Amino acid sequence: MTPGTLDGGTQKRYYEDAYATAFEASVLACENRDGLWHVVLDQTLFFPEEGGQSPDKGTLNGITVVDVQIKDAVITHVTEAPLAVGTRVAGEIDWPHRFSNMQQHSGEHLFSGIAHNRFGVDNVGFHLSDREVTLDFDNYLTPEQVAETERAVNEAITADIESVVIYPSKEEEAAYDYRSKIAIDGQVRLISYPGYDLCACCAPHVRRTGEIGLLKVMSCQKYKGGVRISILCGERAMAALCAEHDELIRTARFLSARPTEVYDLVNGLKDEIAALKRQIATLEEEKMQEVLSRIPAEAENIVLFFAGGDSKAARQAVNALTAAHGGYSALFIGNDAEGYHFIIGSAKKSAQTVLNRLKESLTVRGGGRPEMVEGTVFGSEAAIRASLQV
């Protein structure tokens, strides 16, 4: 089949020169679908969504291209306005977006290749969007191994290694030990960073590793028996590191500390807060017990409000009240602005009936058994008391 026809597929000009940004093409088809126009050209520089990577951005005759998809070798450009079939159009690639994707994808190849060579893990998943870059590996990597791989990638970037694109014949292909997530039936396109990685890939890449700038691991977590690693490269990495640095400096100034002291200082404050919370809980429990001790033995229904308190202590208090009094005992902890956590119990009556009263006029979440219910109610103390008719 002849390139440039619908049957033969769209000619992929981005393979000829990943750095080219302007081109001309003929419109082969244009179809309206749900208010957007699906345009097929005989050739294109637009890289479609493929291989885990988001598509290029840009324009056709000044019209914004909002998406680019590929199916059966035909590339469809989704535009905001129609383009007449049979006419020639001028395409323009959003170069900063393209180059950023090239930096991310090339950095991913180095990271995955080095991790594979040194630790025997395979990249089984890759996602490159405008917001994140994630790599999924089939086995666990320790934090030390991740850090070692990151250092090695940045050494490779500094070495400014030239990338090589290889189109081996089927006979030659067997001689190449390359990485690939899927079996490839047709022509294999290999991206080589000599000494670091050889991988089958359909996407544009930088000419030399130095253009990646830098690679930074942003996070690493266990995922499906292996790890999911989030990375950023080049300008994206620099922007993220600058933002985090600015936030660290802002926090250090707020705490009147050096940036290197922030973690220890915040960790100490966390311990102090935890100790204070324990003290407050003890005082609230003592206050609760003092209030309970003043309740007359002949009291029937009991409704108590507290600003704070431990849930375990509150449950114990309701259990003691229901054992000593014949009606229902309701304990509310919280405030009018944020709502109240409640526990309602009764040894002889249905706590569920009391809960239903609350639900008639207030926003309530909760439930339980006839002898005890628990949940959250939003409303003022006065409204709650009115609902309970006390």
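The notes below deal with the structure included here. (Residues numbered from 1 in each chain as written. Predicted model: local features only at pLDDT ≥ 70, side-chain atom pairs only at ≥ 80, totals over all residues. Heavy atoms only, no water.)

### Points about the overall build of the chain
Then comes step 1: Secondary structure assignment for the chain yields eight helices and 20 strands.
Then comes step 2: Its C-alpha radius of gyration of 32 Å places the chain more than 25% over the 21 Å reference for a compact globule of 390 residues.
Then comes step 3: Along the three orthogonal principal directions, the C-alpha set of the chain runs to about 95 × 50 × 40 Å.
Then comes step 4: In the chain, once contacts between residues fewer than 6 apart in sequence are set aside, the share between residues at least 24 apart is 59%.
Then comes step 5: Total accessible area on the chain is roughly 20,500 Å²; 51% of this is exposed by carbon and sulfur atoms.
Then comes step 6: In the chain, 38 positive and 55 negative side-chain charges are present, and the distance between their average locations comes to 7 Å. (Helix = DSSP H or I, 4+ residues; strand = E, 2+ residues; numbered from the N terminus. Rg over C-alpha atoms; globule rule 2.2 N^0.38 Å. Contact = heavy atoms within 4.5 Å. Areas by Shrake-Rupley, 256 points an atom, 1.4 Å probe, with all protein chains shown as cover. Lys, Arg positive; Asp, Glu negative; His and termini not counted. Charge placed at Lys NZ, Arg CZ, Asp CG, Glu CD.)

### Some remarks on the state of the cysteines
Then comes step 1: Scanning the entire structure with this criterion turns up zero disulfides.
Then comes step 2: No disulfide involves cysteine 199; its sulfur sits 6.1 Å from the nearest other cysteine sulfur, which is in cysteine 201.
Then comes step 3: Judged by relative accessible area, which is 5%, cysteine 199 ranks as buried.
Then comes step 4: Unpaired in terms of disulfides, cysteine 201 finds its nearest cysteine sulfur in cysteine 202, a separation of 5.3 Å.
Then comes step 5: The class for cysteine 201 is buried, based on a relative accessible area of 11%. (Disulfide = S-S within 2.5 Å. Buried < 20%, exposed > 50% of the residue type's maximum accessible area, 1.4 Å probe, protein only.)

### Some thoughts on the layout of surface pockets
Then comes step 1: As a volume, the largest pocket reaches approximately 970 Å³.
Then comes step 2: Along the walls of the largest pocket sit 42 residues, with Ile184, Arg189, Ala200, Cys201 and Cys202 positioned nearest its centre.
Then comes step 3: In terms of residue class, the lining of the largest pocket is built from 19 nonpolar, 13 polar and ten charged.
Then comes step 4: There is about 240 Å³ of room inside the second largest pocket.
Then comes step 5: Lining the second largest pocket are 17 residues; nearest its centre among them are Ala18, Ser163, Val165, His205 and Arg207.
Then comes step 6: Among the residues making up the lining of the second largest pocket, the classes are represented as ten nonpolar, two polar and five charged. (1 Å grid on protein atoms, 1.4 Å probe; cavity = no way out; pocket = protein on both sides within 12 Å on 5 of 7 lines; lining within 4 Å. Points joined across faces, edges and corners; volume = space filled by probe spheres on them. Nonpolar A, V, L, I, M, F, W, Y, C, P; charged D, E, K, R; others polar.)

### A closer look at the sheet that holds strand β18 (residues 339–346)
Then comes step 1: Reading across from one edge, β16-β17-β18-β20-β19 is the order of the five strands in this open sheet, with mixed pairing throughout. Each of the sheet's edge strands pairs with one partner strand only, and the pair in question is β16 (302–306) and β19 (363–369). Geometrically, the sheet is characterised by an average inter-axis angle of 15° between neighbouring strands, direction not taken into account.
Then comes step 2: Here β18 pairs with strand β20 (residues 372–378) via six bridges, running antiparallel. Considered in β20, the bridge of glycine 345 is made with methionine 372.
Then comes step 3: Sitting on the sheet, helix α5 (residues 262–293) is in contact with β16 and β17 (328–335), with an inclination near 155° to β16. (Pairing = 2+ DSSP bridges. Axes fitted to C-alpha atoms, helices over the stretch in contact; angles between N-to-C directions.)

### A look at the packing of aromatic side chains
Then comes step 1: The final tally for this structure, using the stated rule, is nine aromatic pairs.
Then comes step 2: Considering the side-chain rings of tyrosine 14 and tyrosine 15, the 4.9 Å spacing of their centres and the 75° angle between planes classify their relative orientation as edge-to-face.
Then comes step 3: By relative accessible area, tyrosine 14 is classed as buried at 1%.
Then comes step 4: The exposure class of tyrosine 15 is partly exposed, given its relative accessible area of 25%.
Then comes step 5: With centroids separated by 5.3 Å and ring planes inclined at 85°, the aromatic side chains of phenylalanine 305 and tyrosine 340 adopt a geometry described as edge-to-face. With a gap of 35 residues between them, phenylalanine 305 in strand β16 and tyrosine 340 in strand β18 connect regions that are remote in the sequence. Note on accessibility: phenylalanine 305 and tyrosine 340 belong to one class, buried.
Then comes step 6: In this structure an aromatic cluster arises from ring pairing among Phe305, Phe332, Tyr340 and Phe342.
Then comes step 7: One Lys or Arg, lysine 222, reaches over the ring of tyrosine 140 and ends 5.7 Å from the middle of that ring.
Then comes step 8: In this arrangement the basic side chain of arginine 228 is found over the ring face of tyrosine 223, its NZ or CZ atom lying 3.9 Å from the centre. (Phe/Tyr/Trp six-rings, centres within 6.5 Å; stacked < 30°, edge-to-face > 60°. Lys NZ or Arg CZ within 6 Å of the ring centre and 35° of its normal.)

### Observations regarding the packing of helix α1 (residues 95–119) against helix α4 (residues 234–254)
Then comes step 1: Put simply, α1 and α4 touch, their axes get as near as 7 Å, and they point 85° apart. Considering their axes alone, α1 and α4 lie roughly perpendicular with respect to each other. In contact with Ser100, Asn101, Gln103 and Gln104 of α1, α4 contributes Gly234, Glu235 and Arg236.
Then comes step 2: Here the residues of the contact of α1 with α4 sort into no nonpolar, five polar and two charged. (Parallel < 35°, antiparallel > 145°, perpendicular 65-115°, else oblique.)

### Points about the pairing of strand β10 (residues 133–137)
Then comes step 1: In terms of burial, β10 is largely enclosed, as five of its five residues are buried.
Then comes step 2: Here β10 shows no split at all, with Val133, Leu135 and Phe137 on one side and Thr134 and Asp136 on the other all buried.
Then comes step 3: Two strands pair when backbone bridges link them, and strand β9 (residues 123–128) and β10 are joined in this way by five bridges, in the antiparallel orientation. Along β10, the bridge assignment pairs asparagine 123 with phenylalanine 137.
Then comes step 4: The turn linking β9 back onto β10 is made up of four residues.
Then comes step 5: Where β10 and strand β15 (residues 226–233) come together, four bridges link them in antiparallel fashion.

All we've got here are geometric facts, nothing functional implied.
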